[in-house]
Amino acid sequence: MAPFHRTVVRRAARAAVLAGTLLLLSSGAVSQDAPPSIPPSLQGAHATPQGYLAPSELPDSLALLPPPPPPNSAGFALDEAVSKAMSLPPGSSRWTQAAQDADLTFGHLTQTFDCAAGFAPDPKRTPVLYRLLQKSMIDIGLSTYKAKNHYRRTRPFVAHAGATCFPKDEAALRTDGSYPSGHSAIGWGWALIFTEIMPHQADAILARGRDFGESRLVCNAHWESDVEAGRTIAAAAVARLHGDPGFRRDILAAQAEATRAPPPPAGTCRAAS
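Residues numbered from 1 in each chain as written. Predicted model: local features only at pLDDT ≥ 70, side-chain atom pairs only at ≥ 80, totals over all residues. Heavy atoms only, no water.

Once that is clear, we can look at helix α5 (residues 93–102). Those residues of α5 not exposed but buried are Ala 98, Ala 99, Asp 101 and Ala 102. Seen from one end, α5 has its buried residues packed into an arc of 165°, which puts them on one side. Packing partners of the buried residues in α5 comprise α12 (182–197) and α13 (202–218). (Buried < 20%, exposed > 50% of the residue type's maximum accessible area, 1.4 Å probe, protein only. Helix = DSSP H or I, 4+ residues; strand = E, 2+ residues; numbered from the N terminus. Arc of directions from axis to C-beta. Contact = heavy atoms within 4.5 Å.)

It is worth spelling out the nonpolar core at this point. Of all hydrophobic cores here, the largest spans 37 residues; its most connected members are Phe 119, Trp 190, Phe 194 and Ile 197. For this core, the secondary-structure elements that each account for two or more residues are α6 (106–109), α7 (114–117), α8 (127–143), α12, α13, α14 (224–241) and α15 (245–260). It is α8 that contributes the most residues to this core, eight residues altogether. With residues up to four places along the chain from it excluded, the contact list for Ile 197 reads Phe 119, Leu 129, Ile 251, Ala 254, Gln 255 and Ala 258. Counting 15 residues, the second-largest nonpolar core is a separate cluster that includes Met 86, Phe 166, Leu 217 and Cys 219. (Core = buried A, V, L, I, M, F, W, Y, C linked by side-chain atoms within 4.5 Å.)

This part covers the environment of Ala 54. Among the secondary structure elements, Ala 54 is positioned in the loop between α2 (22–26) and α3 (61–64). The class of Ala 54 is partly exposed, set by a relative accessible area of 32%. Separated by 85 residues in sequence, Ala 54 and Asp 139 place their C-alpha atoms 8.7 Å apart.

Before going further, it helps to examine the packing of α8 against α15. Between α8 and α15, the shortest axis-to-axis distance is 8 Å and the interhelical angle comes to 135°. Judged by the angle between their axes, α8 and α15 are oblique. For the pair α8 and α15, the sense of crossing is left-handed. Residues Pro 127, Val 128, Leu 129, Arg 131 and Leu 132 of α8 form the contact with α15, whose own contacting residues are Phe 247, Asp 250, Ile 251, Ala 253, Ala 254 and Glu 257. Class assignment for the residues of the contact of α8 with α15 results in eight nonpolar, no polar and three charged. (Axes fitted to C-alpha atoms, helices over the stretch in contact; angles between N-to-C directions. Parallel < 35°, antiparallel > 145°, perpendicular 65-115°, else oblique. Left-handed = near helix turned anticlockwise from the far one by under 90°. Nonpolar A, V, L, I, M, F, W, Y, C, P; charged D, E, K, R; others polar.)

Moving on to the pattern of salt bridges. Close approach of charged atoms allows side chains of opposite charge to pair. On inspection of all chains with the given rule, the structure shows ten salt bridges. Arg 131 is the partner of Asp 250 in a salt bridge, and the nearest nitrogen-oxygen pair spans 2.9 Å. With Asp 250 in helix α15 and Arg 131 in helix α8, the pair connects residues that are 119 residues apart, well separated along the chain. The class of Asp 250 is buried, set by a relative accessible area of 10%. Among the salt bridges present, the one from Glu 228 reaches Arg 231, with a minimum N-O distance of 3.3 Å. Pair noted here: Glu 228 and Arg 231 are both in helix α14, with a separation of three residues, about one helical turn. Each member of the pair, Glu 228 as well as Arg 231, carries the same accessibility label: buried. (Salt bridge = Lys/Arg side-chain N within 4 Å of Asp/Glu carboxyl O.)

This is the structure in C-alpha coordinates:
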(Lines give C-alpha, C1' and ligand atoms only; values in the text may rest on other atoms or scores of the structure.)
Protein backbone atom coordinates (compact mmCIF):
# COMPACT_ATOMS: atom_id res chain seq x y z
CA MET A 1 0.00 0.00 0.00
CA ALA A 2 1.36 3.45 -0.88
CA PRO A 3 2.48 5.65 2.06
CA PHE A 4 -0.08 8.31 1.14
CA HIS A 5 -2.89 5.79 1.25
CA ARG A 6 -1.76 4.39 4.61
CA THR A 7 -1.87 7.94 5.97
CA VAL A 8 -5.32 8.79 4.64
CA VAL A 9 -6.77 5.45 5.76
CA ARG A 10 -5.49 6.04 9.30
CA ARG A 11 -7.02 9.52 9.23
CA ALA A 12 -10.28 8.12 7.92
CA ALA A 13 -10.38 5.51 10.67
CA ARG A 14 -9.90 8.19 13.33
CA ALA A 15 -12.46 10.49 11.73
CA ALA A 16 -15.15 7.87 11.07
CA VAL A 17 -17.65 6.87 13.71
CA LEU A 18 -16.44 3.34 13.02
CA ALA A 19 -14.92 1.87 10.85
CA GLY A 20 -25.38 -8.35 -5.83
CA THR A 21 -24.93 -8.48 -2.35
CA LEU A 22 -23.81 -5.50 -4.36
CA LEU A 23 -24.68 -6.64 -7.79
CA LEU A 24 -26.42 -9.79 -6.55
CA LEU A 25 -28.33 -8.11 -3.77
CA SER A 26 -29.09 -4.99 -5.79
CA SER A 27 -31.61 -6.99 -7.76
CA GLY A 28 -33.47 -7.53 -4.49
CA ALA A 29 -33.24 -4.02 -3.03
CA VAL A 30 -36.45 -2.88 -1.40
CA SER A 31 -37.88 0.35 -0.07
CA GLN A 32 -36.13 1.72 3.01
CA ASP A 33 -39.20 1.10 5.20
CA ALA A 34 -39.70 -2.54 4.24
CA PRO A 35 -37.68 -5.48 5.59
CA PRO A 36 -35.20 -6.84 3.04
CA SER A 37 -36.07 -10.02 1.20
CA ILE A 38 -33.93 -12.67 -0.41
CA PRO A 39 -33.21 -11.68 -4.03
CA PRO A 40 -34.02 -14.30 -6.69
CA SER A 41 -30.41 -14.10 -7.91
CA LEU A 42 -29.27 -15.75 -4.66
CA GLN A 43 -31.65 -18.68 -5.06
CA GLY A 44 -29.68 -20.72 -7.58
CA ALA A 45 -28.89 -24.41 -7.57
CA HIS A 46 -26.19 -24.12 -4.92
CA ALA A 47 -27.59 -21.17 -2.95
CA THR A 48 -29.74 -21.27 0.14
CA PRO A 49 -33.02 -19.33 0.04
CA GLN A 50 -32.59 -17.98 3.60
CA GLY A 51 -29.82 -16.79 5.85
CA TYR A 52 -29.59 -17.61 9.53
CA LEU A 53 -31.45 -14.47 10.58
CA ALA A 54 -35.03 -13.36 10.09
CA PRO A 55 -35.36 -9.89 8.51
CA SER A 56 -36.31 -8.43 11.88
CA GLU A 57 -33.08 -9.78 13.39
CA LEU A 58 -30.72 -8.11 10.93
CA PRO A 59 -28.61 -5.18 12.18
CA ASP A 60 -30.21 -1.81 11.44
CA SER A 61 -27.59 -0.15 9.24
CA LEU A 62 -29.54 3.11 9.15
CA ALA A 63 -29.43 3.34 12.96
CA LEU A 64 -25.82 2.13 13.29
CA LEU A 65 -24.14 4.33 10.68
CA PRO A 66 -23.75 8.10 10.51
CA PRO A 67 -24.82 9.72 7.24
CA PRO A 68 -22.19 9.60 4.48
CA PRO A 69 -20.02 12.73 4.21
CA PRO A 70 -21.93 15.48 2.40
CA PRO A 71 -20.44 17.37 -0.56
CA ASN A 72 -18.04 20.17 0.37
CA SER A 73 -17.30 18.59 3.76
CA ALA A 74 -13.88 17.59 5.11
CA GLY A 75 -15.04 13.97 5.07
CA PHE A 76 -15.95 14.11 1.40
CA ALA A 77 -12.64 15.84 0.60
CA LEU A 78 -10.93 12.84 2.20
CA ASP A 79 -13.07 10.46 0.14
CA GLU A 80 -12.00 12.30 -3.01
CA ALA A 81 -8.32 12.24 -1.99
CA VAL A 82 -8.39 8.50 -1.35
CA SER A 83 -10.27 7.89 -4.61
CA LYS A 84 -7.56 9.75 -6.52
CA ALA A 85 -4.73 8.01 -4.63
CA MET A 86 -6.18 4.56 -5.30
CA SER A 87 -6.70 5.10 -9.03
CA LEU A 88 -4.47 2.59 -10.79
CA PRO A 89 -3.94 1.84 -14.48
CA PRO A 90 -6.00 -0.98 -15.99
CA GLY A 91 -3.95 -4.13 -16.32
CA SER A 92 -1.76 -3.45 -13.28
CA SER A 93 -1.56 -6.35 -10.83
CA ARG A 94 -3.59 -4.55 -8.14
CA TRP A 95 -6.22 -3.45 -10.66
CA THR A 96 -6.51 -7.05 -11.90
CA GLN A 97 -6.97 -8.26 -8.32
CA ALA A 98 -9.68 -5.65 -7.79
CA ALA A 99 -11.48 -6.87 -10.91
CA GLN A 100 -11.35 -10.44 -9.61
CA ASP A 101 -12.64 -9.30 -6.21
CA ALA A 102 -15.57 -7.52 -7.89
CA ASP A 103 -17.00 -10.83 -9.14
CA LEU A 104 -19.59 -12.01 -6.60
CA THR A 105 -20.42 -15.25 -8.41
CA PHE A 106 -20.65 -17.54 -5.42
CA GLY A 107 -18.31 -20.30 -6.59
CA HIS A 108 -15.70 -17.67 -7.41
CA LEU A 109 -16.26 -15.72 -4.21
CA THR A 110 -15.64 -18.75 -2.00
CA GLN A 111 -12.04 -18.83 -3.31
CA THR A 112 -11.28 -15.40 -1.82
CA PHE A 113 -9.63 -16.72 1.34
CA ASP A 114 -8.09 -19.95 -0.01
CA CYS A 115 -4.51 -18.77 0.24
CA ALA A 116 -4.93 -16.85 3.51
CA ALA A 117 -6.76 -19.72 5.25
CA GLY A 118 -4.68 -22.47 3.66
CA PHE A 119 -7.55 -24.53 2.28
CA ALA A 120 -10.27 -24.29 -0.34
CA PRO A 121 -13.97 -24.48 0.63
CA ASP A 122 -15.80 -27.07 -1.44
CA PRO A 123 -19.48 -28.11 -1.47
CA LYS A 124 -18.51 -31.79 -1.25
CA ARG A 125 -15.49 -31.75 1.07
CA THR A 126 -16.62 -28.89 3.34
CA PRO A 127 -20.43 -28.86 2.97
CA VAL A 128 -21.15 -27.20 6.32
CA LEU A 129 -18.68 -24.41 5.67
CA TYR A 130 -20.09 -23.94 2.18
CA ARG A 131 -23.59 -23.60 3.64
CA LEU A 132 -22.29 -21.27 6.36
CA LEU A 133 -20.75 -18.98 3.75
CA GLN A 134 -23.95 -18.95 1.69
CA LYS A 135 -26.20 -18.15 4.62
CA SER A 136 -23.89 -15.57 6.21
CA MET A 137 -23.43 -13.84 2.84
CA ILE A 138 -27.18 -13.33 2.68
CA ASP A 139 -27.36 -11.96 6.24
CA ILE A 140 -24.35 -9.67 5.90
CA GLY A 141 -25.33 -8.40 2.46
CA LEU A 142 -28.95 -7.69 3.37
CA SER A 143 -27.82 -5.88 6.53
CA THR A 144 -26.39 -3.07 4.36
CA TYR A 145 -29.59 -2.30 2.49
CA LYS A 146 -31.56 -0.17 4.93
CA ALA A 147 -28.84 2.48 4.77
CA LYS A 148 -28.18 1.87 1.06
CA ASN A 149 -31.80 2.45 0.16
CA HIS A 150 -32.14 5.46 2.44
CA TYR A 151 -29.08 7.42 1.31
CA ARG A 152 -28.80 6.17 -2.30
CA ARG A 153 -25.35 7.67 -2.46
CA THR A 154 -23.81 8.22 -5.90
CA ARG A 155 -20.77 6.05 -6.63
CA PRO A 156 -17.44 7.61 -7.59
CA PHE A 157 -17.39 6.24 -11.14
CA VAL A 158 -20.78 7.90 -11.70
CA ALA A 159 -19.78 11.16 -9.99
CA HIS A 160 -16.60 11.33 -12.08
CA ALA A 161 -18.19 10.08 -15.33
CA GLY A 162 -15.68 7.25 -15.35
CA ALA A 163 -15.67 3.46 -15.35
CA THR A 164 -15.00 0.58 -12.97
CA CYS A 165 -12.77 -2.47 -13.18
CA PHE A 166 -15.82 -4.71 -13.74
CA PRO A 167 -17.91 -3.16 -16.54
CA LYS A 168 -20.67 -5.77 -16.59
CA ASP A 169 -21.83 -4.61 -13.12
CA GLU A 170 -21.95 -0.93 -13.93
CA ALA A 171 -25.57 -0.69 -15.08
CA ALA A 172 -26.79 -2.24 -11.81
CA LEU A 173 -24.39 -0.23 -9.66
CA ARG A 174 -25.63 3.07 -11.09
CA THR A 175 -28.95 2.54 -9.29
CA ASP A 176 -27.59 0.72 -6.23
CA GLY A 177 -26.61 2.96 -3.31
CA SER A 178 -22.90 3.30 -2.64
CA TYR A 179 -23.11 3.62 1.17
CA PRO A 180 -22.30 1.27 2.81
CA SER A 181 -20.28 -1.06 0.60
CA GLY A 182 -21.82 -4.51 0.33
CA HIS A 183 -18.62 -6.02 -1.11
CA SER A 184 -16.63 -4.64 1.80
CA ALA A 185 -19.20 -5.95 4.28
CA ILE A 186 -19.13 -9.45 2.84
CA GLY A 187 -15.33 -9.53 2.61
CA TRP A 188 -14.84 -8.32 6.18
CA GLY A 189 -17.65 -10.47 7.57
CA TRP A 190 -16.19 -13.60 5.98
CA ALA A 191 -12.74 -12.61 7.25
CA LEU A 192 -14.09 -12.53 10.80
CA ILE A 193 -15.76 -15.90 10.28
CA PHE A 194 -12.66 -17.50 8.76
CA THR A 195 -10.54 -16.31 11.69
CA GLU A 196 -12.78 -18.34 13.98
CA ILE A 197 -12.41 -21.40 11.80
CA MET A 198 -8.63 -21.03 11.33
CA PRO A 199 -7.45 -18.81 14.23
CA HIS A 200 -3.76 -19.55 13.64
CA GLN A 201 -4.15 -17.91 10.20
CA ALA A 202 -5.92 -14.84 11.59
CA ASP A 203 -3.40 -12.20 10.46
CA ALA A 204 -3.34 -13.40 6.86
CA ILE A 205 -7.12 -13.79 6.77
CA LEU A 206 -7.82 -10.32 8.16
CA ALA A 207 -5.28 -8.78 5.78
CA ARG A 208 -7.08 -10.44 2.86
CA GLY A 209 -10.43 -9.19 4.14
CA ARG A 210 -9.02 -5.65 4.35
CA ASP A 211 -7.62 -5.85 0.83
CA PHE A 212 -10.94 -7.18 -0.49
CA GLY A 213 -12.63 -4.00 0.71
CA GLU A 214 -9.85 -1.78 -0.64
CA SER A 215 -10.39 -3.39 -4.03
CA ARG A 216 -13.59 -1.36 -4.22
CA LEU A 217 -11.48 1.82 -4.10
CA VAL A 218 -9.14 0.56 -6.82
CA CYS A 219 -12.21 -0.43 -8.85
CA ASN A 220 -13.66 3.11 -8.57
CA ALA A 221 -16.92 1.57 -7.32
CA HIS A 222 -16.93 2.99 -3.78
CA TRP A 223 -15.71 5.84 -1.62
CA GLU A 224 -13.44 5.21 1.38
CA SER A 225 -16.27 6.01 3.81
CA ASP A 226 -18.46 3.40 2.05
CA VAL A 227 -15.81 0.74 2.65
CA GLU A 228 -15.36 1.68 6.31
CA ALA A 229 -19.13 1.64 6.84
CA GLY A 230 -19.35 -1.79 5.20
CA ARG A 231 -16.86 -3.16 7.72
CA THR A 232 -18.91 -1.70 10.56
CA ILE A 233 -22.06 -3.45 9.36
CA ALA A 234 -20.13 -6.69 8.82
CA ALA A 235 -18.96 -6.65 12.43
CA ALA A 236 -22.50 -5.96 13.61
CA ALA A 237 -23.92 -8.78 11.49
CA VAL A 238 -21.33 -11.33 12.62
CA ALA A 239 -21.90 -10.34 16.25
CA ARG A 240 -25.63 -10.87 15.74
CA LEU A 241 -25.00 -14.21 14.03
CA HIS A 242 -23.29 -15.46 17.17
CA GLY A 243 -26.62 -15.25 18.92
CA ASP A 244 -28.06 -17.83 16.52
CA PRO A 245 -27.66 -21.47 17.66
CA GLY A 246 -27.54 -22.75 14.08
CA PHE A 247 -24.67 -20.44 13.20
CA ARG A 248 -22.72 -21.49 16.29
CA ARG A 249 -23.21 -25.18 15.46
CA ASP A 250 -22.07 -24.62 11.90
CA ILE A 251 -18.94 -22.76 13.06
CA LEU A 252 -17.93 -25.76 15.19
CA ALA A 253 -18.63 -28.20 12.35
CA ALA A 254 -16.74 -25.99 9.87
CA GLN A 255 -13.72 -25.98 12.19
CA ALA A 256 -13.66 -29.77 12.05
CA GLU A 257 -14.08 -29.78 8.26
CA ALA A 258 -11.21 -27.32 7.82
CA THR A 259 -8.76 -29.69 9.52
CA ARG A 260 -9.49 -32.31 6.84
CA ALA A 261 -9.74 -29.99 3.83
CA PRO A 262 -6.99 -30.12 1.18
CA PRO A 263 -4.78 -27.07 0.55
CA PRO A 264 -5.32 -24.87 -2.52
CA PRO A 265 -3.95 -26.31 -5.79
CA ALA A 266 -0.20 -26.07 -6.24
CA GLY A 267 0.90 -22.81 -7.82
CA THR A 268 -2.29 -20.96 -6.81
CA CYS A 269 -0.78 -18.93 -3.98
CA ARG A 270 2.25 -16.67 -4.06
CA ALA A 271 4.84 -17.29 -1.38
CA ALA A 272 4.83 -14.67 1.37
CA SER A 273 7.66 -12.18 0.97
